[in-house]
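If you want the building blocks of each chain, they are given just below.
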Amino acid sequence: MARAADIADARSLTYWLSGPDPALVAASGFDLAIVDYSRDGSGARALAPEDVALMKRKPDGGRRIVLAYLSIGEAEDYRYYWKRAWSRNPPLWLEAENPDWAGNYKVRFWDEDWQRLIFGGPEAYLDRIIDAGFDGVYLDIVDAYWYFQEKGRKNAEAEMVAFVRALARHARSREPGFLIVPQNAEDLLANEAYRRTIDAQAKEDLFFGLDGPDTPNARESFDWAKKHLDMARAAGKPVLLVEYPETAANIARVYEKGRAAGYLPYATVRPLDRMTVNAGFDPPVPDLLLRD
């Protein structure tokens, strides 16, 4: 099992959710890999422990950290836990479909029934990830509490912090040193208990992307995000940066500016359906095409 100290030593990362190929991940030189726990999201095509073990070993014999993607703020209708009957008779914790991501539904994440789907039992999502041998989880839609705050739920932020902390306690009771890496929701870093719980913080679209793939973000948005991300760095937590620019010049800016800020950057495609290798910035991968 990798430890927090190991993730702090990572100098490169790849992020591949749709159709991850363990053999290609294993052939790469990346220090950190974030993948879905399944080739297509389903339980039937979940990665086996031997797939995860393969990805953990680098070509030079070194150790790669492998994290599994886990959405905790939305339910996904292509996951093993989804029931067809929910289209007619949804559980109380299920909200409307995300208009920007078909098949994804906001959830009342504080609900005990939803949390039991995520962790605490042999069929729970997190427990399946642990059983497969992953080093940790890469938590997404942590910022779901914004949605509920706007709808008037005053305790939504505190409830998300409590959810992440409970999830982490359970994971580490099973696997000491299990890594917890949330993506986005960086304003939670102002909470000391939350900062202590996580091992690293990830951020999408810091420099580009809020108004288009190659449009620089407004200074106000950048400054707000960076102020919180630097709370993670001050607490000794690495910051992972994921960006989706399309031009070579902006890809280079992501790496240069990200590294100058003390972050670990990666530029890829927003569908996350391939392992992107940016020549001159990412470790070379034998027999793989570089980014088009």
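Shown above is the structure to which this text applies.
Structural notes, computed from the coordinates. Please read these numbers as outputs of a predicted model, since none were measured by experiment.

## Things to note about the sheet that holds strand β13 (residues 264-267)
Part 1: Pairing within the open sheet is parallel, and its 3 strands lie in the order β9-β12-β13. Edge positions in the sheet fall to β9 (201-204) and β13, since each has one partner strand and no second. Each strand axis lies, on average, 20 degrees off the axis of its neighbour in the sheet, ignoring direction.
Part 2: By the bridge criterion, 4 bridges tie β9 to strand β12 (residues 239-243) in an arrangement that is parallel. Bridged to E204 within β12 is V242.
Part 3: Contacting β12 and β13, helix α10 (residues 248-260) crosses the sheet at an angle of about 170 degrees to β13.

## A few points about the packing of aromatic side chains
Part 1: One pass over the structure, following the stated rule, counts 21 aromatic pairs.
Part 2: With 5.0 Å between their ring centres and 75 degrees between their planes, W82 and W86 make a pair best called edge-to-face. Residues W82 and W86 agree in their burial class; the two are buried.
Part 3: Judged by centre distance (5.1 Å) and plane angle (50 degrees), the rings of W93 and W114 are tilted. In this pair, W93 sits in the loop between β4 (74-76) and β5 (94-97) while W114 sits in helix α4 (residues 112-118), placing the two residues 21 residues apart along the sequence.
Part 4: Through a chain of ring-to-ring contacts, three or more aromatic side chains come together here, namely Y37, Y80, Y81, W82, W86, W93, Y105, W114 and Y125.
Part 5: Over the face of the ring belonging to Y147 we find K106, whose NZ or CZ atom lies 5.7 Å from the ring centre.
Part 6: Geometry around Y80 places R128 over its ring, the cationic atom sitting 3.6 Å from the centre.

## Some remarks on helix α7 (residues 156-174)
Part 1: For α7, with 19 residues, the first-to-last C-alpha span of 27 Å sits near the 27 Å given by 1.5 Å per residue.
Part 2: Taken together, the buried positions of α7 are A156, E159, M160, V161, F163, V164, A166, L167, A168, H170 and A171.

## Looking at the sheet that holds strand β6 (residues 104-107)
Part 1: If you walk across this open sheet you meet the 3 strands as β4-β6-β5, and the pairing is antiparallel. Strand pairing shows two members of the sheet lacking a second neighbour, β4 and β5, which therefore form its edges. Recorded for the sheet is a direction-independent mean angle of 35 degrees between the axes of neighbouring strands.
Part 2: One ladder, built from 3 bridges, connects β4 with β6; its direction is antiparallel. Bridging from a neighbouring strand, A75 pairs with Y105 of β6.

## Here's the deal with the pattern of salt bridges
Part 1: Taken as a whole, this structure holds 22 salt bridges when the rule is applied.
Part 2: Note that R79 and E76 form a salt bridge whose closest N and O atoms lie 2.8 Å from each other. Both residues of the pair, R79 and E76, belong to the buried class.
Part 3: Between R270 and D205 there is a salt bridge, with its nearest N and O atoms 2.9 Å apart. Of this pair, R270 sits in the segment after β13 while D205 sits in the loop between β9 and β10 (208-209), and the two are 65 residues apart along the sequence.

## What about the side chain of D36?
Part 1: On the secondary structure map, D36 appears in the loop between β2 (32-35) and α3 (49-56).
Part 2: Side-chain polar atoms of D36 contact the backbone nitrogen of S38, separated by 2.9 Å.
Part 3: In terms of polar contacts, D36 uses its side chain to reach the side chain of R79, at 2.7 Å.
Part 4: Each residue touching D36, except ones within four places of it in the same chain, is listed here: W16, L17, P20, G41, L47, Y69, R79 and F134.

Thresholds, definitions, all that
Starting afresh in each chain, residues are numbered from 1 along the sequence in its written order. At least 70 in pLDDT is required for a residue's local features to be given in this predicted model, at least 80 for side-chain atom pairs to be given and counted, and no such filter applies to totals for whole chains, interfaces and linings, which use all residues. Just so you know, side-chain values use all the structure's heavy atoms and leave hydrogens and water out. Pairing between two strands requires that DSSP report at least two bridges joining them. The way it works is that DSSP assigns letters per residue, a run of H or I at least four long becomes a helix, a run of E at least two long becomes a strand, and they are numbered from the N terminus. Between the N-to-C directions of two axes lies an angle of 0 to 180 degrees, each axis being a line fitted to C-alpha atoms and, for a helix, fitted only over the stretch in contact. The contact rule is simple, with two residues in contact once any of their heavy atoms fall within 4.5 Å. Within 6.5 Å between ring centres, the rings of Phe, Tyr and Trp (the latter by its six-membered ring) count as paired, and their orientation is classed by plane angle as stacked under 30 degrees, edge-to-face over 60, tilted in between. A simple rule labels every residue: compare its accessible area, found with a 1.4 Å probe on the protein chains alone, to the largest value its type can have, and call it buried under 20%, exposed over 50%, or partly exposed in between. A ring is considered to have a charge above it if a Lys NZ or an Arg CZ atom is located within 6 Å of its centre and within 35 degrees of its normal. An expected span of 1.5 Å times one less than the residue number is assigned to each helix. Salt bridges are identified by distance alone: a Lys or Arg side-chain nitrogen within 4 Å of an Asp or Glu carboxyl oxygen. Think of a polar contact as two N or O atoms within 3.5 Å of one another; within protein, one of them needs to be a possible hydrogen donor and the other a possible acceptor, and neighboring residues in sequence only count if both atoms come from side chains.

The values reported here are purely geometric and, on their own, carry no functional implication.
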